[in-house]
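A structural walkthrough
Below are the chains, spelled out letter by letter.
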Amino acid sequence: LAMAAMATMAISWCLLVLQIAVAQNQSLELRVAKALGSKGYQKVRVSVIAGSQDDAADFPFSYREAFKYRWTRNFLLSSLVELKPGANVLQIQ
């Protein structure tokens, strides 16, 4: 693996630790946003912009589609993840 990164995000009642391992030929961009309203306040949306639909195959993304109008060579991988009070660790490889 060429690069490994770790990001920490504090949400008022829990801690989210993301561990990301990226191979030399991969380019992943990570986005994390807190869910609101009908989606539930105890969730976050984890999204990755990847060069292949098969990138991060070990993570259970519920959406894996190519961009339609711009960045059409890239794919959006996204999923809502429920968090529990305390520490939460997500691994994306």
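In this report, the structure presented in the accompanying data block is examined. In this text, all values refer to a predicted model and were calculated from it rather than measured experimentally. (Residues numbered from 1 in each chain as written. Predicted model: local features only at pLDDT ≥ 70, side-chain atom pairs only at ≥ 80, totals over all residues. Heavy atoms only, no water.)

1. Digging into the pattern of salt bridges
Going through the model one piece at a time under the given rule, you end up with one salt bridge. Ionic pairing is found between Glu-29 and Arg-31, a salt bridge with its closest N-O pair at 3.3 Å. Judged by its relative accessible area of 40%, Glu-29 is partly exposed. (Salt bridge = Lys/Arg side-chain N within 4 Å of Asp/Glu carboxyl O. Buried < 20%, exposed > 50% of the residue type's maximum accessible area, 1.4 Å probe, protein only.)

2. As for the sheet that holds strand β4 (residues 43-50)
If you walk across this open sheet you meet the four strands as β3-β4-β6-β5, and the pairing is antiparallel. The open sheet terminates on both sides in strands that have one partner only, identified here as β3 (29-34) and β5 (63-66). Neighbour-to-neighbour, the strand axes of the sheet open up by a mean angle of 20°, direction not taken into account. Summarising the sheet, β5 and strand β6 (residues 75-82) pair through four bridges and their orientation is antiparallel. (Pairing = 2+ DSSP bridges. Helix = DSSP H or I, 4+ residues; strand = E, 2+ residues; numbered from the N terminus. Axes fitted to C-alpha atoms, helices over the stretch in contact; angles between N-to-C directions.)

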